[in-house]
Structure formats: C-alpha cells, structure tokens
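Given next are the chains, with one letter for each unit.
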Amino acid sequence: MKKNLYILLACAVVLASCSDKIYEEINTDFTKAETINPAFQLSYAELQIFGDMNYVDVHRLYTYAFTQHLMGCWNTTNYGGQHRMDDNEMARPWNNLYTAAFRNLTDAIAHTDGDKEQVNVNAALRIFRVYVGSLLTDYYGDVPYTEAGLGHLTGVSQPKYDTQEELYRLFFKELKAAAGQFDVTAKAIDSDPMFNGDIEAWRKFANSLRLRYAMRLSGFYEKDPASDIAVLAKSEFLDALKAGVMTSSADDACVHHDKVSYSFGQESYKDFRGNALSKYFYGNDPANNPSYVCQTFWEKLYNNHDPRTTLLCGFYIDDFMSISTGEGRLDVTDAVLATQAANPDKDIISTVAPGEFSWDNWPTYPNISGSALDSRMQEIKVTHDFDPAKDPRWLKPKLANNLLRSQNPGVIMTYAEVCFLRAEAAAGLLGWETGDIAQEWYEEGIRAAIYFLTDNYNYDYVLDSDIAAYLAEPTIKWGVTPEQQKSQINTQAWILHFHNPAEAWANQRRSDIPVLTPPDPAGKNPLVDGNAIPVRLCYPLKEETYSLDAYQAAKDRVAGDYSWHARLWWDVK
Amino acid sequence: MISEFRRVLCLIALFLGVTGIAFAQNMVTGTVVDADGPLIGASVLVKGTTRGTITDFDGNYSIEANIGDELEFSYMGYSAQTIPVTSNTIDVTMHEDTEVLSEVVVTAMGIKRDRKALGYEVGEVKGEDLTKAKETNVANSLAGRVAGLVVQGTAGGASGSTRVMLRGTTEMTGNNQPLYVIDGVPMDNTNYGSAGTEGGYDLGDGISSINPDDIETMSVLKGPAAAALYGSRASHGVILITTKKADTGDSKWSVEYNGTLTFDSQLSKWDNVQQVYGMGSEGMYNIDAVSNTNKSWGPKADEGLTLRYFDGQEHPFKIIPNNTANFFELGLTATNTAVVSMNTGRTGIRFTYTDMRNKDILPNSNMSRNTLNLRANTSIGPVDLDFTVNYTHEDVKNRPALGDDKSNVGKNLMTLSTTYDQQWLKNYQTADGEYQNWNGMDPYNVNPYWDINKNKNQSYKDLFRMNGKIVYNIIPQLKIQATVGAELNRFQFSDFKYPTTPGYESGRLQNSFFNNRMFNAELLAIYTDTWGDFDFTATAGANIYNVNNHTTVNTGTDMGMREIVTIASFQDQSVEENAYKKRIVSVFGSANLGWRHMLYLDATVRGDKSSSLASGKNLYVYPSVSASWVFSELIKSNRKVLPYGKLRLSWAEVGSDTDPYQLGLRYSKSQFGTSGYTIGSVYGNLVPNPDLRPTRTRSWETGFETKWCNHRISLDFTFYHQTSRDQIIAMATSPTSGYDYRLINAGAILNQGFEITFGSRIVQTKDFSWDLNINWSKNNNKVLALTEGTTELELAKATWCNVYVSAREGEQYGSICGPALARNADGRVIVDANTGLPTFTTENKVLGNAQWDWTGGLSTTLRWRMLTLTALFDVKVGADLFSMSERAAFETGKAKETLAGRAEWYASEEARKAAGVTSMAEWRKAEVNQGQYNGYLVDGVYWDKASGTWKENNIYVNPEDYWYEVSRKSPEMFIYDNSYIKCRELTLSLDFPKEWLDKKGIVKHVGISFVARNPFIVWKNIKDIDPDAQYNTSGLGLEYGSLPSRRSYGLNFNIKF
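Residues numbered from 1 in each chain as written. Chains lettered and ligands numbered in written order. Predicted model: local features only at pLDDT ≥ 70, side-chain atom pairs only at ≥ 80, totals over all residues. Heavy atoms only, no water.

1. Remarks on the overall build of chain A
- A count of helical and extended segments in chain A gives 24 helices and six strands.
- Relative to its length of 573 residues, chain A is compact, with a C-alpha radius of gyration of 26 Å against a globular reference of 25 Å.
- Dimensions along the principal axes, computed over C-alpha positions, put chain A at roughly 110 × 60 × 50 Å.
- The burial tally for chain A puts 65% of its 573 residues in the buried class.
- For chain A, long-range pairs separated by at least 24 residues make up 76% of all intrachain contacts whose partners lie at least 6 apart in sequence.
- On chain A, roughly 20300 Å² of surface is accessible, and the fraction owed to carbon and sulfur atoms is 52%.
- Averaging the coordinates of the 52 positive side-chain charges in chain A and doing the same for the 77 negative ones gives two points 3 Å apart. (Helix = DSSP H or I, 4+ residues; strand = E, 2+ residues; numbered from the N terminus. Rg over C-alpha atoms; globule rule 2.2 N^0.38 Å. Buried < 20%, exposed > 50% of the residue type's maximum accessible area, 1.4 Å probe, protein only. Contact = heavy atoms within 4.5 Å. Areas by Shrake-Rupley, 256 points an atom, 1.4 Å probe, with all protein chains shown as cover. Lys, Arg positive; Asp, Glu negative; His and termini not counted. Charge placed at Lys NZ, Arg CZ, Asp CG, Glu CD.)

Rendered as structure tokens:
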C-alpha cells in the first residue's frame, strides 16, 4: 500500500510539473488567427453570392429552369425542367449560405456591435446579412434568421424558423437602422469588393433594398390596400425613396469578380474570386453542355427586336471551343439571323422549349443556297475541314460569349431595377404617392438595363436610335391599362434579372410576370414531381434529424400540404 | 530474381538426387511412457534425418537406427529428449514441459508475462506466419487470424491503407484504429489521405512501412484492460509489435535471404453485363458516337453495322466481351530481404534490408519500398542496451483514384457501353498532346488511358524511426528502464492534371508536404519478487509523448508553361498550411500478485494530462483490475484430459482526449490572393468547445482458456462488454447554426460480444499431422444514445441517391439510410398515377447496416514429412453494402436485369410513331393503340382518386426511365448483403531436411514455398465487385467504381547460412 502511495505521489509531482501555460501554447494553432478584420468577412460574404460554385449551382439546376431563362443543358432540364426534386440540390442555398456568408456576417456583427470605430463596417455587415436572409426566405419560406449562425456565440444549434412576415418586418427595421448608422468620421470599410468602402453607396443600397422588399409585399396592397401589411409596404417604399436610393448606374451593387481560369477541380469550390455563374454558363463539359437559352427568353427578346438580343444570345458552333477558356467558338449569329430574316416563312432558328433537352427537338440544316448561312457554312467547311450540318444544334440560341467571362460582376442590385420598382409603384395598380411618373421610370429602366449590359459586359454602346426604336415597339411602348403596364415593367425586370437569377425568380413569383407555361406533362420528358412550376424549394430532409421541432413547426405553418407547390407568404394571389 | 531461380533449380535437382539413396539400417525398439503410463503418438526421430516414427497404442515404437545415432523423442506438452543409440532397446519416460504450460506473451509496456497470469485476452500472431505469402501492407496479413480482429483493405490496392478494428467501433467519430507499439514506442499510423464523398486517393498508412521480416511477434491487446497502461491513445486496443533481435544460436554469424515473387491478377471481375443492347439511349445510337458512350440503352448489337467513332475509325457495333478486364495487366510483386546477424555473447547486431517492388494490375502504376533496419543490443555490467534505427523509403507512382473521383479508372470503365471497346480509347491525345474529345468532354467519364498516361501522381515517403532502450538491473528484483523513441516522417504527394483534362481544363498541380514528428520518452521501474507462495511484480513509470505535424499544400492552376511540371509553371498559385501539435504527459503504475501459480490479481492506474483539453479538464486518471484463476492446478489428476484451464475476469476504464485546437474559434485568410480586398473567414466548420471533457470507455471482460487431451485441443472463450460514454463527438448539426458540426461530449456506444478460439491437432502420425484452428467473434455495436434533440449522426455520405451512413439511436452503428420506395399498407410500391414511375418517401429510412453480424477465421496446416500446406480463410457475415457501381450498372443499362421490357417498349414506340400519335396520354388509350402499347411495368399500385382505392399499375414505361429514376432517388435497390468467405492465403512449403544440406553445416535452412494471397473467394453475395472494395477505411458500407481486387500467386525462397 505504501508503494502505491509513493506512486500516487510521483504521479502528482510529474503531472503538476507540466505547466498549463506550455500546454496552452502547444494547443494554439500557429497557422490560424484568433481575431480578424471584420471587413475581410464582409468581403467573403459578398463574394459568395456569385462566387461559390456550391451555392450558385442551384441557379443552373433549378432557378433558371423555373424562370425559363435557360433550358436544354442536362443539369437544367433534368432537375428544374423536369420538376425533379432532389434533396441535395435543393439544399444548396441552405447548406452553403448559412455556413459561409451568414455565419461570418453574424460573427463579424457580434464583434463590431457597439464599437464606435467600427460603425461603418457594422452597418454594411447588417445590410448584407439582410440581403442574405432575403435570399434564404425567398427560396424556402420561413427560415432561421434571428437565432441563426450563432453556433459558437450563444451555442444555439437548433434555431427557430422565423416566419416570412416577421423577417420582412425585421428587414425594413434593420436596413433603416443600418443606413442611419454610417459615419464618415469613423473607420472606413477597408475591404469591400462591392462598393470599395463607399459608405454613400452602401446607404443608397440599403434604401434601394427597402424598395425591393416593399414591392415584394405589393400583392397585399393590390388585394387590400387597407391591410396592415399593405400599409407597411407602401410607407416603407415612400420612406426609402425619401431617404435616398440609387440614382445612377454608378450606384449599382455589383460585386467585383476576378479573372480566373475555368476549373472544376476541388479547390475551385473554395475559390470565390471568379464569377461562378459565368463558369456554369461556360459549363463543366462545355462542348456538350453549353447554356442553351430557353424558348421563352429567346422569344421575348427576338420577337420584340430587343437590341439586347445579340448581347445576351448568340449562335455558336462549339466543336472548336477551347476547353480551358471560352475562346474558339465559331460565331454564326449574323448568318443565322440574316437568313432567318430573309426567310420569314421558314423556322430556321430552333429553340429549346421548357422541359426539353437540347437534343430532344433535333433541328435539320436548312439547305438554302445563296443564303448568308450557306455561304458561312461553305467558309467553315474550308477553314475548319468540318461539316457543321451534321449536328445543327447550333441553330438553337445559346448565351452570348461575353456572358462566359469569370470577371463578370456579381449582380446584387442595380439602378435599372430601382427604376422598374419606381415605375411600378407609381403606375396604375399601386399608384403610390411617390411623385414619380411611371412611364418615365419605365423607359429610364430600359435604358439603364441596356447600359448595364454595355457597361459591364464589354459591348459597344447601343445607339440611342436603336433604343428609341425598341421603346416604340408595339409590345414595349408604354401601355394603357394598369395591368398592361405592370406586365411590361415586370417583363423588363425579368429580362434585367437574367443576371440576378434569385431576384428573377422571386419577382416572377410575386408578379406572375411573365406568365410562364409549364412543360407538357405528357411530353417526351415526364414531369417527375408535379405538373405546375414549383414556387419554392423544400427544406433539406436533414433538418428533420438535426432540428426536428423547429422544422416541424415551420412545415406545419404552411397552409395545405407542404410541398414545393405551396406558395410563400408574400406570394399573394 | 534470375539468380534466385537458378538457386531454386539447383536445390530441386539436389532434392531429386538425394531421395534415390537408400540406407541399410539396424532396428531399435522401445516404449515411451509418462508418469501415468504409455504415451500414444509420441514421435521418434533419428536426429539429423527425416527418418521417424510414432508410438502405437501401447507406447511402443521401432525404428531403423545405427549405434552412434541419436534419437529424438517428442510429444506435445512434454520436453523433448535426445538419447544416443547405445543398444537396440531404448525405453523413455517423458516429462511435462513447464515451458508449454507457462507460455509467455508480450503485454503492455513490452513486459513478458505468463499467459496464465493474465486476466484478459491477448491474441498473438507469429512473425513467421507473415513472411512467406507477403502483403505489401502487413496489416492485411492479419485478416482472419485473431478472433475479434477485423481487417479490411480498401480498393486502393498495394499502396493503400488497411482498416484494423478490435471489438467494434468505440468512438462515433474518429478513426477507431488500434495503437501500434513497436518495441515499446508508439507508432504514427497517420493516414495521409483517403477517398471521401468526392473521391480522392488512399495515401497509405504508417503500419504499411513495417517489414514483416523484422517481426518476431504481434500481440493483440483487444480490450481496455489489456491496453490500460497505454492510456488514451489505446482506447481502440493495442497491437504490440516485437521485432527480431540478433540470433542467439551457436554461431557468431548468420546470413539469411528471403525472397518472394508473386504475380498479381484480377480477383473479381465486372461480368454481370447484358450482351444484347449496345451504345445509345432510347433504343437509338447517335450518329456522331460521342454521346451516350457510357450508356447501353441503344439498339441491339449488330456486327454488320459499323459506326464512325471519335478517332475517325469505323468499328462494328458488337458486344465486346471482358471489356473492363482487358484493360488491366498482370501485376508483379517482388520482395527480397537480406538479414545479417552477428552475436558475440553479450552483444548482438541484426541488420535487415528489404527491397519491395510492385507493379500493379493498373497499367503505369507501381511502387517500391526499401527498408533498412539495424538493431543492436549489448550488456555492460548490469546495464542492458538496445538500439534500433529504421529507415524506410517508399515511392509510389500513380495511385489509383477512388470513389467518385473523376479519374477513377474503374468507375469510368465499368459504365462504358457494351459495344464500346476500351482499346479504342488508347487514342487518348491529339497531335498537340491535348485531350482527345471522345465523348463530348464529359468530365465524369474521363478517358482512362489519358488518366494513366498523361496525368500523374506520385508520392515519396522518408521515414526514420529511432528507438533506444537502457535497462539498469540494480538488484535482481529491481530494474529501471528508460526508452526513448522518435519518428520523423516526411511524406510528399504530388498530383498533376495535364491541361485539357475534363474537369481540370486549365491544368492543375497540387503538392502536399507532410512533415510529421513524434517523440516519446518513458521511464519505467519494475520490481519483481517472490515471498513464499506469492509472486509479486510492481511497475511505476512516467511518459511524455509529443507530436508535431506540419502540412503545407501548394496548388497551382492554369498551367502557363506545359513543358515542365512544377508549381512555377502555373499562373495561379495558392498555399494552405495546417498544423497538429499535441503533448500528453502521463504517470502510471501497476501491481501484480500471484499465489501458488494459481491465482493472480492485477491492478493498474494511469493518469494522463493532455494539451488538447482545457486546463482543469485535461487531467484524467483511470484504473483497471483483473484476476485470473488457473483452476487446472486443482485437478492435477486429470492432466491428460484437461492439462490447462483458466478463468479470467477484468474491468477497466480508459479516458481519451481529442485533436488539438478544438477549444476556440479561429480565423484564416483565403488561400487565394486578391487585389484591393482580402477574403477572410471563420476557419473550419466545427463549433469549438472549451468545456470538453475526456471520453470514458468502461469495459469488463470474462472468459476461460483451456487445453485438452494432452494439449492437442485448446478452447478459449471471451465475453466482453464495453460502453464508451461522454464521447467527444463532432455532432452533425443544422447548418442554420452556421456550422455543420459542433463538438460536444455526448452519446454512448456499446460493444458487447463473444470471441471463441479453437485450436487442435486433429491428426498426428509418424509422417503426417493436421492442425486446425478456428476463431469466431460476434460483436453488438449499438448506439445507446446521442445528444438531446438528436437521434442521428451522419458519418459518411455518398454522392448519389441521397444515401448516407449514420449512427442512429437504438440501432447498430453504421446504419445505411436514405429515401425508400414509397409503399402502401400492403407493402406494395406506390407508383405515380401520371407517370407510372415509382414514388419515394420524403423521409430517410434505415435500409441496411454496415456492421458484420459475426466474423471468423479458419486456418489449417497439413504437414507431411518436409512438406507443409497451410490455408487461411476469412469469414465475414451479415453486413450490408451500398454499391454505387451496381447502381451505375443499372442506370447505364449494363446490368442484365435491365433487359426486361426493352424490346416491348421499343416496339411500342415504333408503333406509336407509325400511328402518328404524339401524346403519350393518347397512346395509353386502348382504342388508339390497338394492343400495341407495351414496355416495362413497375410492379406496384397507384391511388385512384375517383374510386378512392389502390389500383394495379397499368402504365408502361421506358425501362431506361424506370432505372434512371430508381437509381437517382433512392439507394434501396442497390444495397446488398456483403457476406463472404475468402481464402486469404495458401502456402505449400518444402523445408529441406538437414541431411540434404551441406555436411559442414554452413547452410542452416533452405525452404521453398508456393504462395498465394487472396487466391479465390469461396462465397460472396454481391456480384461483380470485391466485398472488400470500399473506397476508404471508414469501413462504412459505401463502394464506388472499385477496381478489380488483386489475387497473387508466386514463390517464396528462403535460405539461411
């Protein structure tokens, strides 16, 4: 026994001799920091929205199919086009936004709250968190926000799901408070790929977001202008205008992305520098999987002689496309368009209808001797020793080459959108007392939307006369009835929002414009999970395991059966 | 190798010559008895010859021998005797061998002890069992040898790692592998990389660098009681490796050569392939033959038809037999070991050099390993010194990519269409050396020839292991022992993708540098004494363990200069750094008391202080007690029936810490450089926890060990019960918390089971003996609890079908879960009333379990004169496996089962088009289709809204649509029972008798063996793939694109001077 006592004594001596300080030093990771400049986290969050391939893939898989901007590539048609629910794919915004942008914004806000020096970055962080929250709620409905992203701060691991109504009310308050917090005398935001630290731009962005969110609730106003929420929507809109919104394209909230090489290797999923949406337009198997434009989008542009038609779309033979850049495509746009124009009775241009794969409706080569197309084809046969008539799927419009550049901006909000919001607010159905003239803002919006393309996508300026001609098109010309006006404004917004797919889908669901026809359920490709176009994404199934009570409560709040056909709260009909 | 063969041939010639010689001899007779009477079956041998006999029922023998010869008498359990022939009658009385009864095993801290004194089970594997039929990773050789020890290789092949599990999973997350201790120093068994959800490479583990020729014994300490002295690192059991010392024979010098040459070929083949339909989709092929290359949903194969492929060649549209198998080559493994040993009484030196080379069955893939080991031991007065230095260099070229990796050759071949000859793909590059577009640049089906020829991966490992031990024998009862061990492990892996590789279009190079350092020092005092009937041993010691790893990963993308593969050739370069530092300081002690060699009592205690836990929570002490009762000592009269019997009982608790840096939040800058702004974020996806407590594993174990019938039969039985509580778990959490995981103390996991080991010498005659050993174990690995509000923890996930493997409360660990086919109350599959396709549940169900119900091994040895035949079988029963390979076979129309409904559907579609019907809804109407509507009918029911009843499904579908749907939405149809019986090893050895060797005794031993590893699979349930083909060592029932596994046959040659 005595021996054991000695042993125990020896134990005590040895263990006590290794001091806690040395231990703490050993247990400190010398490759990681304990604190960080919150602006770095803001940069990270801003870049994720268009830079994170994991999240952005949801647009290719679902969003663009539901908005009918794109169709035909395997990913788009198989999931969104065929209404195929896939838990993994639907979970992309959920799994990626919460654990990256949302987490870092929440963390940085917590570390700058109450710090007088950091009021500017704190305000920007809060504004951006509202934006990220709005993306989430507009995908899924009720979502965690007030208790979300707090894992390491308060230890909440199963946050409650805030209702969408609570969230929108909160968004207005947060944006107003944050916009009022900027202070030129405090520390500047020293890392900010969106506004480069310009606090005036941040303030206008916050107010413009209030316009967007107020308009999101306009369905309540159209239904019953006296309702509590309708009154809120209107007063927020008017208040935001007064506070100062974006006034020119210089105020555009666009995140700067870098020119990077296209890669789909594992580390490129961690690399937010390039525009991931452009990468997906380019495609990860480019020669076989280019971004075919959906028939709906093509017709809205082409049939109305939109000067943006060839800025957004083109006809390309991709057999010689470089597999590491977007170079080397044979551009046959002019020949196709000229030949179609010369032969209005023939369907030379083939398009991908909703629900179709690019190979479902195989075009035939229109052998018209003497046509522009024919001479171009002869030329290609000679220059490339290749017969393009064999697989004439290049007769289907694809996205224009300039949209495939990784340095294209990540579009969060633009002046053009503000114009359309102001136009709709002033127009007949709402008639809010903004002091604006709806038509002016509508036309200004179209101009701004065209300039947005030429400013950001390396195009020559569109002639004023071309814009004027477009504005005079019968379907574009400012309409007479309030319904017509709303339709025109939101159709223009839908074209504009091609670059901002999340907003495109939200605004289309809110306005139901343009009216989209779902694919034929008895068509070639069966609609797997319901015939109507889905109006939300479903919560990830894993929530059932990890946050059952909160998840169940949110599902139970949905009227009727919970599915992706259940409308969101603001989606008032 | 050529010289080796020549030597073998000489020896065979020698053998043939010698057997022709006959001797005329004198007869010697006699009786062999022991204290109780005649011994039946005792063997009598003329020393130095192969002449021998055994005693009959009365103990009598007769043998030819000359006066002056020596006779050797031996019998199991008795001491052998050598008696010179001085007359024609020799009677012998044999005495029981106390050595046999006091079998010595190596236990914790390298202390050798009587097996009978142990209160817990220790399994043992002899080094000699591992040196003939060699595995490139010695851990694989353990499969089937010890009850409760489960070994699984991966699809990674020769250079891959091995998963070794003792008594099930004790930690929900973590690697669960045992601790390896080499001559008293723990080894770094880091697995530098393994394939995960997105695929990857298996970069091997530490144990693979151990040379089997250096192993004397491997002791398997299964339970916490056996391992308690090793502390937290031993909570999954310990495997003690004792290496060989210099020979202590008569001669000063000895030289040994041991060589093995094996040919490696494919064991499992991908042959469940339909032989009717060819490349294409919807019953048609594409004219351009570059799409649907990995689909076999095309028209019927037709030799008369030719298609023009990407290479501009016309090839017939016919079924290609053995298409996948033809890609692989015959592999070759050569291991050559030379041992030089010197011994001058008190000093011994042993030097080993081993050169292992392997050329894999995967073309262009090879590895080599060189091991140098020097061990020196000496005594200076009362001080014993023992030093070992080991250097291992390993070089691996082109490890196979595994799982869902874009470069997984197996995966890319197994879906290649039935009519697409893989040989056409040898045309993998264009004139400019760029990727030849053969399938529309599909990044998920990369040309395998491109991957093995143009892309490269390579690893180098330099491992230094140093080990020194000083024992100071102060007085006979007391010694003090100091052990210092260090390991420096540098590993470099570089992975290059040539520009234009689909998925890596701009090219990519990733160099990972692992710099691992481990240092271990230990001081131990051992006191042994005897007082009357009591034996007493006590130890006390202290240990410091330090690990310091630093990893740097350099990645280059966008290859600007293609002429040289170096990071500088890339436009975009990034660096990622990671560290792992930890220290554990421990003190420990043990006391053992024995009474009359019959009753033994052990107690141990250990205290650890770990740097990975917060101060105040990082000191943990845990005890163990065990007892053993040799009851056979009481029943001495029955020695022939039951010469040895022991009961044992033990209880132990072990604590365990966690990885470093888990206590607080950290931040890092993005590895990518930017201009004008900086990207930084919270590091990792785990909520840290400063309040972690150590994990506690408590166990008890009981059992018996017996030997029967003069030691010819042995039977051991063990029952154990082990619960690990307060586990440090990375608990998966809702991402809405901002994190995918949070680190908590929670959960309880049970491991309870039986182990039975049976050994016997069934036949023993003059020239022949037959040994049979069987082990069997059953483990119940149940998840008792997780944490509040959570009933499931995801452990691994696969890319397809939303399938994942989890720990579910109340279920066996390793549930395979996912959406299931929706069924009505009668169990019928519910189909969609509009599409005729099956529907699926929206919640995840348990569809299988990845744990074995029971495992076992059978080894047998037949000896006839100088020939020995051994066979080893490995049995595993009851686990399930989700085979993504099978899933792919169905999705792509390659499986035979996908033939159903095809001809009917194509005929129906033809008729529909001929009739000009465009709407399927229209075509379904009987009055339109005139009975021509046909296809695949899903066996199921749909809900008829009008009548409010279930109606039998009547919508025909395209079988391609059906299989596409079920192979995308639910794993249910692709979960297979993964039971198997494998023959792991076969050896037929010829040991040359001494009389054949040279008279001077210069050559001491010559042996030649035919050896085979994994020669055949006796039985398995899953077709096409090897049941051991999981892509990583988590062992969690997920398989994808596994290459064919390897079987090897060859020769082993051993000569000793």
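There is more to say, and it comes next.
2. Considering the environment of P363(A)
Residue and element names in this part refer to chain A.
- For P363, the position within the fold is in the loop between α16 (333-342) and α17 (372-384).
- Taking relative accessible area as the criterion, P363 reaches 8% and is therefore assigned buried.
- When the C-alpha atoms of P363 and G265 are compared, they prove to be 34 Å apart, with 98 residues separating the residues in sequence.
- If we ignore the near neighbours within four places in the chain, the residues touching P363 are S350, P392, R393, L395 and K396.

3. A word on the environment of A879(B)
- Structurally, A879(B) can be placed in the loop between β48 (867-877) and β49 (880-883).
- For A879(B), the contacting residues outside a window of four places in its chain are N849(B), A850(B), Q851(B), W852(B), Y976(B), D977(B), N978(B) and S979(B).

4. Considerations on the interface of chain B and chain A
- Taken residue by residue, the interface counts 101 residues in chain B and 89 residues in chain A.
- Between chain B and chain A, the buried area comes to about 8000 Å², and carbon and sulfur atoms account for 55% of it.
- The largest share of the area that chain B buries against chain A comes from Y667(B), Y677(B) and T736(B), three residues that together contribute 10% of it.
- For the pair chain B and chain A, the interface holds seven salt bridges.
- Where D572(B) meets R273(A), a salt bridge forms, and the shortest distance between an N and an O atom there is 2.7 Å.
- The interface formed by chain B and chain A holds 38 residue pairs in polar contact (both at pLDDT 80 or more) in total.
- Per-element tally for the side of chain B that touches chain A: the top contributor is strand β31 (residues 570-595) of chain B, with 13 residues. (Buried area = accessible area lost by both parts, 1.4 Å probe. Salt bridge = Lys/Arg side-chain N within 4 Å of Asp/Glu carboxyl O. Polar contact = N/O pair within 3.5 Å; in protein donor to acceptor, adjacent residues only side chain to side chain.)

5. Here's the deal with the packing of aromatic side chains
- As enumerated under the stated definition, the model contains 82 aromatic pairs over all chains in all.
- Taken together, a centroid distance of 4.7 Å and an interplanar angle of 40 degrees make the contact between F890(B) and W963(B) tilted. Note that F890(B) is positioned in helix α6 (residues 884-891) and W963(B) in helix α10 (residues 959-969), a separation of 73 residues in sequence. For the pair F890(B) and W963(B), one class covers both residues: buried.
- For R216(A), the ring lying beneath its charged end belongs to W570(A), and the centroid distance is 5.5 Å.
- The residue whose ring lies beneath K406(B) is Y504(B), and the NZ or CZ to ring-centre distance is 5.6 Å. (Phe/Tyr/Trp six-rings, centres within 6.5 Å; stacked < 30°, edge-to-face > 60°. Lys NZ or Arg CZ within 6 Å of the ring centre and 35° of its normal.)

6. Section: helix α18 (residues 415-426) of chain A
Residues and elements named next belong to chain A.
- When the terminal C-alpha atoms of α18 are compared, their 17 Å separation across twelve residues agrees well with the 16 Å that a helix rising 1.5 Å per residue should span.
- Counting buried residues in α18 gives twelve out of twelve residues, a clear majority hidden from the surface.
- Every buried residue of α18 is accounted for by Y415, A416, E417, V418, C419, F420, L421, R422, A423, E424, A425 and A426.
- Against the buried residues of α18 lie α10 (199-216), α12 (228-243), β6 (410-413), α19 (438-456), α21 (482-496) and α22 (501-511). (Expected span 1.5 Å × (residues − 1).)

7. Some points on the sheet that holds strand β52 (residues 949-952) of chain B
Residues and elements named next belong to chain B.
- Spatially, β45-β51-β52 is the arrangement adopted by the three strands of the open sheet, whose pairing is mixed. For this open sheet the edge positions go to β45 (829-830) and β52, each flanked by a neighbour on one side alone.
- Looking at chain direction, β45 and strand β51 (residues 940-944) are connected through two bridges and run parallel. Residue pairing in the sheet places V829 in a bridge with G940 of β51. (Pairing = 2+ DSSP bridges.)

8. So, the environment of P735(B)
- Along the polypeptide, P735(B) turns up in the loop between β39 (713-732) and β40 (741-764).
- Separated by 696 residues in sequence, P735(B) and L39(B) place their C-alpha atoms 74 Å apart.
- Among residues more than four places away in sequence, those in contact with P735(B) are W94(A), N95(A), Y98(A), T99(A), E543(A) and D740(B).

9. Notes on the sheet that holds strand β44 (residues 815-821) of chain B
Residues and elements named next belong to chain B.
- Taken together, four strands build an open sheet; the order of strands is β42-β43-β44-β46 and the sheet is antiparallel. For this open sheet the edge positions go to β42 (792-797) and β46 (840-849), each flanked by a neighbour on one side alone. Put simply, the sheet's adjacent strands are angled 45 degrees from each other on average, direction ignored.
- Here three bridges tie strand β43 (residues 804-808) to β44, and the two strands are oriented antiparallel to one another. Note that in β44 the partner of V805 across the bridge is I816. (Axes fitted to C-alpha atoms, helices over the stretch in contact; angles between N-to-C directions.)

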